[in-house]
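Given next are the chains, with one letter for each unit.
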Amino acid sequence: MLKEPTNTDNQISSGNHPTDPFFIRTLNFNAASERPVYVVNDHEITMFHLISGNIEWIIDNQYFTILPNDLLVVYPKSTISWVESSLDICTIYEIRINVESLLAPHIHKPLWSGIHHAEFNVILNLFKHYNPAIIPECKFPAEIVSKIMKEIANEELGFKTRTYALVDELIISTARCIGKSSARNTDFKEQFLILDKMLRNNLSHQWTVAEMAGIVGFGITSFTDKVKNHSGFSPLNYLISLRITEAIKLIKNTDISMTHIALRTGFYSSQHFSSTFKKVTGLSPKDFRKKD
Amino acid sequence: MDCIITLEIGTTSTKVVVFDMLGKQIASNKGAYPTFHNHTHISEQDPEQVFITALFVLKSIINNHLLSSKRKVRAIVFSSSMHSVLPVDKNGNPLGNAIIWSDNRAASIAEDLKKTALGDEIYQKTGTPIHAMSPLAKIAWLRQNSKEIYGQTAKFISLKEYVLYQFTDEYFIDYSLASATGLFNLKSKKWEEDSLKFAGITTDQLSTPVPINFDGFKLKKTMQKSLHLDASTKLIIGSTDGCFATLSTGAMQKDDAIISITSGGAVRVFGKECLTNDKGTFFNYILNDDYYISGGPTSNGGLAFDWSINNIYKNIEDDLDKVIPQLFNELTKVQAGSNGLLFLPYLQGERAPIWDSNARAMFFGLNITHQPIHMIRAVLEGIIFEMFSIAKSILKHRQFNALHVNGVYAATPLWSQIISDVFGMPVSISQYPLSANLGSAMLGLTVMGEYKSLQEASSIIPSPIELNPSVSKHKLYQKLFDIFESLTDKLEEEFRQIAEIQTKN
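Residues numbered from 1 in each chain as written. Chains lettered and ligands numbered in written order. Predicted model: local features only at pLDDT ≥ 70, side-chain atom pairs only at ≥ 80, totals over all residues. Heavy atoms only, no water.

**Observations regarding empty space enclosed by the protein**
Residue and element names in this part refer to chain B. For clarity, the threshold we go by: Cavity: a set of points on a 1 Å grid over the protein atoms alone where a 1.4 Å probe fits but cannot get out. Pocket: an open set with protein on both sides within 12 Å along at least five of seven lines, its lining residues, like those of a cavity, having an atom within 4 Å of a point. Grid points are joined across faces, edges and corners, and a volume is the space filled by probe spheres set on the points. Put simply, DSSP H or I for four residues or longer makes a helix, DSSP E for two residues or longer makes a strand, and each gets a number counted from the N terminus. Side-chain classes are defined by residue name, with Ala, Val, Leu, Ile, Met, Phe, Trp, Tyr, Cys and Pro counting as nonpolar, Asp, Glu, Lys and Arg as charged, and the others, Gly among them, as polar.
Counted according to the given criterion, the structure contains 7 cavities of 30 Å³ or more. If you add up the space inside the largest cavity, you get close to 130 Å³. If you trace the largest cavity, you find 17 residues lining it, with Ser 84, Ile 157, Glu 161, Ile 173 and Thr 181 closest to the centre. The set of elements that each furnish at least two residues to the lining of the largest cavity consists of helix 4 (135-145) and strand 8 (155-157). The residue makeup of the lining of the largest cavity, split by class, is 11 nonpolar, 5 polar and 1 charged.

In structure tokens, the structure reads:
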């Protein structure tokens, strides 16, 4: 079930292993290594932690320089290749995490990860939004990976459970760092724009304040204060204003039924939609459509 | 107890302030919305979100502050940013987003028009500089580049007119806002035929222009019910953020200039005549039957300062809000003139006085002793030198000896003192931050008969803090300004060359 990490593997194979929760190995590049084009599997989030060396990356046709201790997180279907040059030698941890096994847990198979389903959805959204994400200067991935390797090598009592917990930790630490590293050197105005975009793109998602705060790397309390200060709205009221705005556009410009508009804009029922809409605009959605 | 509500539809948020009939603030609230930049030259806002936000903030202030204390809302006064364009269809539904003032897509259309005799004629008649910001250029752009939208457009309105339409089902525009479109004749107070022809539209595609004290429309029934108001609440169309902020300084009857620094900035003066020159430098907005507000805008105000903090200041670990007071302390300790370091602030090209979209920023005079803090102070001083160069071009036509400052940046003690020292003039600092709302209240209370005139309504303005210039610092700043001005003059060709390289990349 677990593949043992290999220390000498310098060939990249896009081996398909849909049932494995994760897969870790060390990649060694040298001047003579082959540089195949690498497509991140549909069901996998892939992380690369650069241990040493320097090599230029091309991810989805964009150039990136990644330095030692940088962590790169790549979302499914991204294409990765490396620029050919005779000087580069490097060692990279490659960590692939099977997303499918987390998103659609089978009842018969025990769920290996302890991450809450809704939280994992937010984490995935985060990875998707920041794809490819580069977290500069972090040590935790290599530390966690070496712990995982030790667990697997020693096979002590409870090693599977502990290994899975370590993978969870890796995922969560990475997700937290993405929000925080986006926050560096920018004021809240910029972060609010990132959040705003994320909310707009996922209006039907049942957002919680904790999830919204995670997007920009804050705890709930300081996040709520900051949103209120910046926007005048509480986080949930801002979300409602976005939902009603989108609903108005759908009512005016389409023939979509109220039930579908409600679901599409994130209201859990058409009653909830109708009452909120009336509270804000003074008209029920049906009367609003009639008027136009 | 009676009150009036002022509603300012600004660039980053809608601000609602309630005043009692003596002009004292009772409550305030705001709601923010984003600006979308899908390309660097695009700046758009979602009209439905702007409307929903305005409604939301208005409702919550009525529900939370006015209903319980049984205050009666006598009037609502409206104001907004200038220059936005929103095409709507025959049912009043938006055809896409609103194009706001900072959008630059019409730059080449404006540049081409500016070179022609027609461009000069339109400027002389409308008083609005021929520039990408003006709705004249934006509508002409839509006509050339977005034929589908242009063909379906029943009316070209602004975000303010859209919000008013949602409240009343009627299309009106105040003279101030109309006079910022480049489509409105300042003398006849009618839509200007030459402009309409250039933009390819007719009068019936625009709202009916009315004076800023116009109150001939009513909240529609559903809105009255939703807001717990009745037909006795007057709606007063109001003016623009720039005009009201200028009015709120109380400088109307004095020969003072008003320096505003927000994310952009402007130097403004009141006058009974327009201020036009053959270079098309100055804007002119109608305030009322007696007064115009004229001046020159810069694109590089607080935005340039923020850029320097975010990119040069090293101590930002977590929270900008916490760092700012410390930064201001450090900036105050740096000597006037930043140890001989100069900054040309043209990060986004420049409007007044050079009107050169190719202009670019630079530090000049760096030596081995300069530290990041000197660079940030030089940015701050550079922004103020730019304001001074606008003022200098105004001084050729209009005399003034004292200044009023407002806007979130300029109204801080450090900025105000440097403004006073650079200009060598006494400065009055506004003590009320929501200046557009205060100006709205002055108009509202005048329309409601509490005051006989806008001049008399000045009595509601909280008394400002006064600062005086330092003679020695002013002398130093004068020397630095001479270098600033001559560098800007000399670099025109290099600006063009470097901008060309940047555009290609």
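**Let's talk about the side chain of Thr 163 of chain A**
Note the following rule: Contact definition: two residues touch when any of their heavy atoms are within 4.5 Å.
With respect to the secondary-structure elements, Thr 163 of chain A resides in helix 4 (residues 159-183). Contacts of Thr 163 of chain A, omitting those with residues within four sequence positions, involve Phe 22, Ile 148, Glu 151 and Ile 152 of chain A.

**So, the packing of aromatic side chains**
Residue and element names in this part refer to chain B. The test is simple: Only Phe, Tyr and Trp rings are paired, with Trp represented by its six-membered ring, and only when their centres lie within 6.5 Å; those with planes under 30 degrees apart are stacked, over 60 edge-to-face, the remainder tilted. Burial here depends on accessible area, computed with a 1.4 Å probe over protein chains only, as a share of the maximum for the residue type. Under 20% is buried, over 50% is exposed, and the range in between is partly exposed.
Across all of its chains, the model carries 36 aromatic pairs over all chains by this definition. With a centroid separation of 4.6 Å and 45° between ring planes, the pair formed by Phe 172 and Phe 214 is classed as tilted. In this pair, Phe 172 is assigned in strand 9 (residues 172-174) and Phe 214 in the loop between strand 12 (208-210) and helix 9 (221-227), connecting sequence segments 42 residues apart. Residue classification places Phe 172 among the buried residues on the basis of a relative accessible area of 13%. Note on Phe 184 and Trp 191: the rings are 5.3 Å apart at their centroids and 75° apart in plane angle, and the pair reads as edge-to-face. Phe 184 gets classed as buried once you look at its relative accessible area, which sits at 0%. Here the aromatic cluster, defined as three or more aromatic residues joined through ring pairs, consists of Tyr 346, Phe 385, Phe 388, Phe 423, Tyr 477, Phe 481, Phe 484 and Phe 495.

**A closer look at the domain arrangement of chain B**
Residues and elements named next belong to chain B. This is how it is decided: For every domain, the bounds stem from an assignment made automatically or drawn from a database. When two components associate, each loses some accessible surface as probed by a 1.4 Å sphere; the sum of these losses over both components is called the buried area. One side-chain nitrogen of Lys or Arg within 4 Å of one carboxyl oxygen of Asp or Glu is enough to make a salt bridge. What qualifies as a polar contact is a pair of N or O atoms within 3.5 Å, subject to a donor-acceptor requirement within protein and to the restriction that residues adjacent in sequence count only when both atoms come from side chains.
Taken domain by domain, chain B holds domain 1 (2-243), domain 2 (245-297 + 397-413 + 426-467) and domain 3 (302-392 + 471-504). Summarising the inter-unit geometry, the C-alpha centres of domain 1 and domain 2 are found 20 Å apart. Counting residues at the interface gives 43 residues for domain 1, matched by 36 residues for domain 2. Summing the contributions of domain 1 and of domain 2, the shared interface buries around 3,200 Å²; its carbon and sulfur component is 63%. Our count for the contact surface shared by domain 1 and domain 2 stands at 0 salt bridges. Counting across the interface, domain 1 meets domain 2 through 14 residue pairs in polar contact (both at pLDDT 80 or more). The dominant element in the side of domain 1 that touches domain 2, judged by the number of residues it contributes, is strand 2 (residues 13-20), at 5 residues. For the side of domain 1 that touches domain 2, the class distribution of residues is 19 nonpolar, 14 polar and 10 charged.

**Remarks on the domain arrangement of chain A**
Many analyses report the size of an interface as the accessible area lost when the parts associate. Residue and element names in this part refer to chain A. As far as domains go, chain A holds domain 1 (22-183) and domain 2 (187-292). Counting residues at the interface gives 9 residues for domain 1, matched by 11 residues for domain 2. Summing both partners gives a buried area of about 940 Å² for domain 1 against domain 2, and 65% of it is carried by carbon and sulfur. Across the contact surface, domain 1 and domain 2 share 0 salt bridges. Between the two partners, domain 1 and domain 2, sit 0 residue pairs in polar contact (both at pLDDT 80 or more).

**What to know about the pattern of salt bridges**
Counted according to the given criterion, the structure contains 23 salt bridges over all chains. The salt bridge partner of Asp 196 of chain A is Arg 200 of chain A, with a shortest N-O separation of 2.7 Å. Of the two residues, Asp 196 of chain A and Arg 200 of chain A both sit in helix 5 (residues 188-201), 4 residues apart, roughly one turn of that helix. Looking at Asp 196 of chain A, the relative accessible area reads 2%, which means it is buried. On the accessibility criterion, Arg 200 of chain A (25% relative accessible area) is partly exposed. The partner of Asp 2 of chain B in a salt bridge is Arg 74 of chain B, and the shortest N-O contact between them spans 2.9 Å. Separated by 72 residues along the polypeptide, Asp 2 of chain B in strand 1 (residues 2-9) and Arg 74 of chain B in strand 5 (residues 72-80) bring together distant segments of the chain.

**Quick notes on the interface of chain B and chain A**
At the junction of the two partners, chain B supplies 29 residues and chain A supplies 30 residues. Both sides together, the interface formed by chain B and chain A hides about 2,400 Å², and carbon and sulfur atoms give 52% of it. At the surface where chain B touches chain A, the tally comes to 3 salt bridges. With a closest N to O distance of 2.9 Å, Lys 252 of chain A and Glu 48 of chain B form a salt bridge. Contributions of two or more residues to the side of chain B that touches chain A are made by strand 3 (25-32), helix 1 (47-66), helix 6 (159-168), helix 9, helix 11 (302-312) and helix 12 (320-333) of chain B. Per-element accounting of the side of chain B that touches chain A gives the leading share, 7 residues, to helix 1 of chain B.

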